[in-house]
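# Notes for the structure review
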Amino acid sequence: MNKKELITALAEHSGLNQTDAAKAIDALTAVIGNTLAQGGEVQLTGFGTFGTLERAERAGRNPATGETLTIPASRVPKFRAGKTLKDAVANS
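Structural notes, computed from the coordinates. (Residues numbered from 1 in each chain as written. Predicted model: local features only at pLDDT ≥ 70, side-chain atom pairs only at ≥ 80, totals over all residues. Heavy atoms only, no water.)

## Re the packing of aromatic side chains
A complete count under the given rule lists two aromatic pairs for this structure. Where phenylalanine 47 meets phenylalanine 79, the ring centres are 5.6 Å apart and the plane angle is 55°; that geometry is what we call tilted. With phenylalanine 47 in the loop between β1 (42–44) and β2 (48–55) and phenylalanine 79 in strand β5 (residues 74–81), the pair connects residues that are 32 residues apart, well separated along the chain. According to the relative accessible area criterion, phenylalanine 47 is partly exposed, its value standing at 39%. On the numbers, 4.8 Å between centres and 50° between planes, the contact of phenylalanine 50 with phenylalanine 79 is tilted. Within this pair, whereas phenylalanine 50 is found in strand β2, its partner phenylalanine 79 is found in strand β5, the two being separated by 29 residues in sequence. Taken together, the ring pairs connect Phe47, Phe50 and Phe79 into an aromatic cluster. (Phe/Tyr/Trp six-rings, centres within 6.5 Å; stacked < 30°, edge-to-face > 60°. Helix = DSSP H or I, 4+ residues; strand = E, 2+ residues; numbered from the N terminus. Buried < 20%, exposed > 50% of the residue type's maximum accessible area, 1.4 Å probe, protein only.)

Pasting the structure below:
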């Protein structure tokens, strides 16, 4: 499902028009992104938790040349599925 299909499904499910559904999805992604950028997390009970993960600096290898290089430390987004979502996927 791409963003356009998600907007259509949300509009049909919620009774919103597609313009309002698009605004809702854009607002949701912006709020989640801003919260994660500030180091916070977003918990949606039953669905899951959006958070961040700190990756330490590590050694890597350039696959083209075989040269060893250092991959810098970074902070990346993560998602942990909630029990309701896990059960829905498992039982489908």
